[in-house]
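Read off the chains here:
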Amino acid sequence: MSRFLIFLVSMLFTAAAWAQPITLGASTQLTGSTANTGRYYKDAYEFAIDKINAAGGVKLGSENRKLSLKLLDNQSDVNLSVRQYVQLLSQDKVDLLLGGFASNFIIADSAVAEKNEVPMVQGGGASDQIYSRGYKYIFGTLPAASDYFGSTIDAMTKLSPKPHTVALLYADDSFDVSVAKGTREELKKAGFKTVIDERYSSNASDFNTLLSRIKSQHADVVLMACHETEALNFIRQAKSLNVSPKLYSFTVGVPSADFRQALGKDGDYASGMTAWLPSASLKDQWFGDAVQFAKAYHAKYGYEPDYHAASGVAVIEAVVKAIEAAGSVDPKKVRDALAEVNFESLYGRIAFGKTGQISLPQTMIQVQDGKVVPIYGSKGFIGKLDYPMPGWDKR
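Owing to the predicted nature of the structure, the values given are computational and were not obtained by experimental measurement.

*Asks:* Can you break down the overall build of the protein chain residue by residue, with the values?
*Replies:* In terms of regular secondary structure, the protein chain is built from 12 helices and 19 strands. Taken against the 2.2 N^0.38 rule, which gives 21 Å for 395 residues, the C-alpha radius of gyration of the protein chain at 23 Å falls within 12% of a compact globule. Along the first, second and third principal axes, the C-alpha set of the protein chain runs to 90 × 40 × 35 Å. Looking at the protein chain as a whole, 53% of its 395 residues qualify as buried. Within the protein chain, counting contacts between residues at least 6 apart in sequence, those at least 24 apart form 69% of the total. Carbon and sulfur atoms provide 51% of the accessible area of the protein chain, an area that totals close to 16,900 Å². Averaging the positions of the 42 positive and the 41 negative side-chain charges in the protein chain gives two centres separated by 3 Å.

Okay, here's the thing in structure tokens:
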């Protein structure tokens with residue numbers, strides 16, 4: 001009898017082991033200076049995991065396994081973030097890694113993944129530098145930073161009256177430096193004259209001097225590689241100094257409902273870009289399509305998802321597809337499967353290039369009457385740009 005009980009107990013332990021969830025580990029900004037964007041990844045990861053688990057989880061061989069998330073708050077501190085990824089692997093023993101927000105964080109954090117040969121899939125960093133180091137364990141769902149202004153510059157060549165002079169402003173972090181490098185080359189090819197090419201400190205709050213230069217140099221267009229807080233400060237101070245170029249565009253902020261709410265009517269005419277807009281044509285295995293996803297997301301979290309959230313959901317879906325293709329959570333097998341994934345999602349087609357980065361076209365957008373309007377995509381104009389932008393005293 002005792003042997004039989006021992007046998008039963010061992011069988012129960014074996015079943016329990018197979019029923020263990022697949023644990024994904026991540027660190028992102030839940031507090032601190034970039035928490036407003038960092039929370040998109042927390043919400044997106046949790047939302048996607050809940051949806052996939054409700055549909056039966058991950059099919060691993062003959063088993064269906066649930067996903068679980070171990071999420072840490074890096075407090076917007078990159079050094080803390082690195083230590084947390086070490087902790088996730090060495091202490092928490094997570095199976096695979098997800099990235100947080102911002103390229104400078106991803107550059108540092110992915111070194112931990114590479115050293116330990118555990119794949120990290122992330123949707124919060126787009127800097128070309130992330131993928132230029134020959135790493136084999138980093139995969140990303142944001143397109144290259146160097147081409148963020150590509151659709152905008154293409155649209156500029158077709159505007160009437162055509163702008164001639166451009167002010168290129170960019171923060172000194174990895175993402176914005178990558179944006180500026182690519183933009184500088186594209187402006188030259190398109191025949192625009194860059195009258196200001198200025199790098200400023202990340203999280204800068206005072207743009208008065210730059211705005212005065214923009215006014216004195218008669219820049220027709222301002223292209224600003226920045227983060228959301230910087231864009232908000234720039235627009236508020238542009239109004240204060242009555243600086244009104246014909247067009248201004250920002251890499252981050254414009255697609256966000258928080259950005260538009262913070263500025264109210266002053267947000268109108270701001271242009272930007274996005275790799276994602278909710279469309280019923282974007283079909284998805286778990287959410288139906290991107291429109292259904294956006295409605296469900298808004299109902300749960302009380303704000304509209306932008307491309308950060310959609311990119312975060314795509315991260316989870318890519319991980320699930322890779323685990324199922326590998327038939328294992330072995331990091332090396334999952335890494336090899338990630339390199340081969342190719343599927344349609346609410347975010348678009350997910351297929352990673354040789355460096356691990358996705359390729360998706362950017363759509364130029366503009367805020368009009370408080371709403372995001374698609375303006376210019378890979379096939380040309382899809383909406384009417386409010387251009388030239390009127391002076392602040394004429395709005």
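*Asks:* Break down the pairing of strand 10 (residues 221–225) for me, citing the residues and quoting the values.
*Replies:* Counting buried positions over the five residues of strand 10 gives five, a clear majority of the element. Side-chain alternation along strand 10 places V221, L223 and A225 on one buried face and V222 and M224 on a second face that is also buried. Note that strand 8 (residues 165–171) and strand 10 share five bridges and pair parallel. Note on strand 10: the bridge partner recorded for L168 is L223.

*Asks:* Before we move on, can you summarise the environment of F207 with the specific residues and values?
*Replies:* One can find F207 in the loop between strand 9 (193–200) and helix 7 (208–216). A relative accessible area of 1% places F207 in the buried class. Residues F207 and L80 lie 127 residues apart in sequence; the distance between their C-alpha atoms is 30 Å. Setting aside its immediate chain neighbours within four residues, F207 contacts Y200, M224, E230, N233, F234 and Q237.

*Asks:* Pulling in residues and values, what's your account of helix 12 (residues 331–338)?
*Replies:* Where helix 12 is concerned, the buried positions are V334, R335, A337 and L338. Taken down its axis, helix 12 places every buried residue within 165° of arc, on the same side. The secondary structure elements touched by the buried residues of helix 12 are strand 5 (96–98), strand 6 (120–122), strand 7 (138–140) and helix 11 (307–326).

*Asks:* I'd like a rundown of the sheet that holds strand 5, residues and numbers included.
*Replies:* Strand order in the open sheet formed by five strands is 4-1-5-6-7, with parallel pairing between adjacent strands. Since the sheet does not close on itself, it has two edges, and those belong to strand 4 (67–73) and strand 7, each with one partner. Each strand of the sheet is rotated relative to its neighbour by a mean of 25°, with strand direction disregarded. Bridge count between strand 1 (residues 22–28) and strand 4: seven bridges; the pairing is parallel. Bridge pairing in strand 4 places T23 opposite S68. Helix 3 (residues 78–90) contacts strand 1, strand 4, strand 5 and strand 6 of the sheet and is inclined by roughly 170° relative to strand 1.

*Asks:* Before we move on, could you go through the nonpolar core and cite the residues and values that matter?
*Replies:* The nonpolar side chains of a soluble globular protein tend to be buried, and buried together. Ranked by size, the top nonpolar core spans 96 residues in total, and within it M156, I316 and Y347 carry the most contacts. The dominant element in this core, judged by the number of residues it contributes, is helix 11, at 12 residues. Setting aside its immediate chain neighbours within four residues, M156 contacts K162, P163, V166, L187, F192, V221, L223 and L247. Membership of the second largest hydrophobic core comes to 30 residues, among which are A171, A238, V254 and L263.

What counts, and where the lines are drawn
Residues numbered from 1 in each chain as written. Predicted model: local features only at pLDDT ≥ 70, side-chain atom pairs only at ≥ 80, totals over all residues. Heavy atoms only, no water. Helix = DSSP H or I, 4+ residues; strand = E, 2+ residues; numbered from the N terminus. Rg over C-alpha atoms; globule rule 2.2 N^0.38 Å. Buried < 20%, exposed > 50% of the residue type's maximum accessible area, 1.4 Å probe, protein only. Contact = heavy atoms within 4.5 Å. Areas by Shrake-Rupley, 256 points an atom, 1.4 Å probe, with all protein chains shown as cover. Lys, Arg positive; Asp, Glu negative; His and termini not counted. Charge placed at Lys NZ, Arg CZ, Asp CG, Glu CD. Pairing = 2+ DSSP bridges. Arc of directions from axis to C-beta. Axes fitted to C-alpha atoms, helices over the stretch in contact; angles between N-to-C directions. Core = buried A, V, L, I, M, F, W, Y, C linked by side-chain atoms within 4.5 Å.

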